[in-house]
Amino acid sequence: EPEVTQTPSHQVTQMGQEVILRCVPISNHLYFYWYRQILGQKVEFLVSFYNNEISEKSEIFDDQFSVERPDGSNFTLKIRSTKLEDSAMYFCASSELGADTQYFGPGTRLTVL
Amino acid sequence: DAKTTQPTSMDCAEGRAANLPCNHSTISGNEYVYWYRQIHSQGPQYIIHGLKNNETNEMASLIITEDRKSSTLILPHATLRDTAVYYCIVGYTDKLIFGTGTRLQVFP
């Protein structure tokens with residue numbers, strides 16, 4: 001069964017450093033998403049992406065964040081200058097169509113020191 | 001997107017049916033009811049969704065009331081591996097708004 005994969009599983013970085021989290025969505029899916037979950041809190045929507053453009057983004061997704069589909073398979077989330085409060089699990093998801101069932105990856109645990 | 005209300009936690013004996021309720025009294029006509037679950041800190045896992053009719057798949061059944069203001073997710077024979085947080089999400093946009101869900105504990 002096809003699945004969303006994410007790398008790395010755990011990323012540790014120093015405050016102020018840039019990080020790139022990588023995702024490989026399910027191959028025939030056209031819509032891509034990032035969510036995050038701070039420890040003990042709700043899963044929060046960050047951004048949706050379709051046709052090489054951001055479709056929607058939340059208030060959390062400020063200028064420090066960017067997304068890219070650099071090739072036909074990867075979907076990345078970049079945080080330019082990490083803050084302590086960026087420490088969280090980051091989940092990538094994909095769906096075949098918009099407003100359709102989303103399938104999530106296993107997540108990347110980001111720890112900012 | 002409509003707001004949902006779920007019990008904070010529930011218990012279920014292994015092998016028995018787990019019935020997880022969800023209230024969504026402000027649901028609008030176009031909005032689907034989605035159920036996801038999250039085991040520990042793993043990625044949310046899709047379970048089932050529906051619009052008006054009851055739905056069943058290999059994982060669960062979804063019963064939606066006629067007025068669509070509430071629904072019930074049924075896991076017919078719960079196992080220990082079904083212990084998780086279950087989220088009822090209502091909407092039709094391309095973003096999922098997660099609440100706090102129901103923590104289901106399946107015990108032997």
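The structure contained in this document is the topic of the report that follows. Computed from a predicted structure; not experimentally measured.

Next up on the list: the overall build of chain B. On a plain count of helices and strands, chain B comes out with zero helices and nine strands. Each helix (α) and strand (β) of chain B, taken in turn from the N terminus, gives the series β-β-β-β-β-β-β-β-β. Relative to the compact-globule value of 13 Å for 108 residues, chain B shows a C-alpha radius of gyration of 13 Å, a close match. In terms of overall dimensions, chain B has C-alpha extents of about 40 × 25 × 25 Å along its principal axes. The buried share of chain B, taken over its 108 residues, is 44%.

Residue and element names in this part refer to chain B. Strand order in this open sheet of four strands is β2-β7-β6-β5, and the pairing throughout is antiparallel. Looking at strand neighbours, the two that pair on one side only are β2 (18-23) and β5 (55-56), the edges of this open sheet. Direction of pairing for β2 relative to strand β7 (residues 70-75): antiparallel, over a ladder of six bridges. By the bridge assignment for β7, Asn-19 is matched with Ile-74.

All chains considered together, the criterion is met by 15 aromatic pairs over all chains. For the pair A:Tyr31 and A:Tyr50, a centre-to-centre distance of 4.2 Å together with 5 degrees between the ring planes defines the contact as stacked. Here A:Tyr31 is found in strand β4 (residues 31-37), whereas its partner A:Tyr50 is found in strand β5 (residues 43-50), with 19 residues between them in sequence. On the numbers, 6.0 Å between centres and 80 degrees between planes, the contact of A:Phe104 with B:Phe98 is edge-to-face. A residue pair is termed interchain when its members come from two chains, as with A:Phe104 in strand β10 (residues 103-104) and B:Phe98 in the loop between β8 (84-91) and β9 (102-107). Here A:Phe104 matches B:Phe98 in class, with each residue buried. Three or more aromatic residues joined by ring pairs make a cluster, and in this case those are A:Tyr35, A:Phe45, A:Tyr103, A:Phe104, B:Tyr36, B:Tyr46, B:Tyr87 and B:Phe98.

All right, on to the pattern of salt bridges then. Think of it this way: side chains of opposite charge can pair up when their charged atoms draw near. Inspection of every chain in the model, using the stated rule, returns three salt bridges over all chains. As a salt-bridge pair, A:Arg36 and A:Glu44 come within 3.2 Å of each other at their nearest N and O atoms. Given a relative accessible area of 10%, A:Arg36 falls into the buried group. Of the residues examined, A:Glu44 reaches a relative accessible area of 24% and is grouped as partly exposed. Across the pair B:Lys95 and A:Glu56 runs a salt bridge whose closest N-O atoms are separated by 2.9 Å. One end of the pair, B:Lys95, is in the loop between β8 and β9; the other, A:Glu56, is in strand β6 (residues 53-57), on a second chain. Residue classification places A:Glu56 among the partly exposed residues on the basis of a relative accessible area of 26%.

The next subject is the state of the cysteines. Residues and elements named next belong to chain A. Scanning the entire structure with this criterion turns up two disulfides over all chains. In this model, Cys-23 is linked to Cys-92 through a disulfide, with the two sulfur atoms separated by 1.9 Å. One disulfide, between Cys-23 and Cys-92, carries an S-S torsion of -65 degrees and so falls in the left-handed class. Taken together, the positions of Cys-23 in strand β3 (residues 19-24) and Cys-92 in strand β9 (residues 88-95) put the pair 69 residues apart, joining distant regions of the chain. Like Cys-92, Cys-23 is buried.

Definitions and cut-offs
Residues numbered from 1 in each chain as written. Chains lettered and ligands numbered in written order. Predicted model: local features only at pLDDT ≥ 70, side-chain atom pairs only at ≥ 80, totals over all residues. Heavy atoms only, no water. Helix = DSSP H or I, 4+ residues; strand = E, 2+ residues; numbered from the N terminus. Rg over C-alpha atoms; globule rule 2.2 N^0.38 Å. Buried < 20%, exposed > 50% of the residue type's maximum accessible area, 1.4 Å probe, protein only. Pairing = 2+ DSSP bridges. Phe/Tyr/Trp six-rings, centres within 6.5 Å; stacked < 30°, edge-to-face > 60°. Salt bridge = Lys/Arg side-chain N within 4 Å of Asp/Glu carboxyl O. Disulfide = S-S within 2.5 Å.

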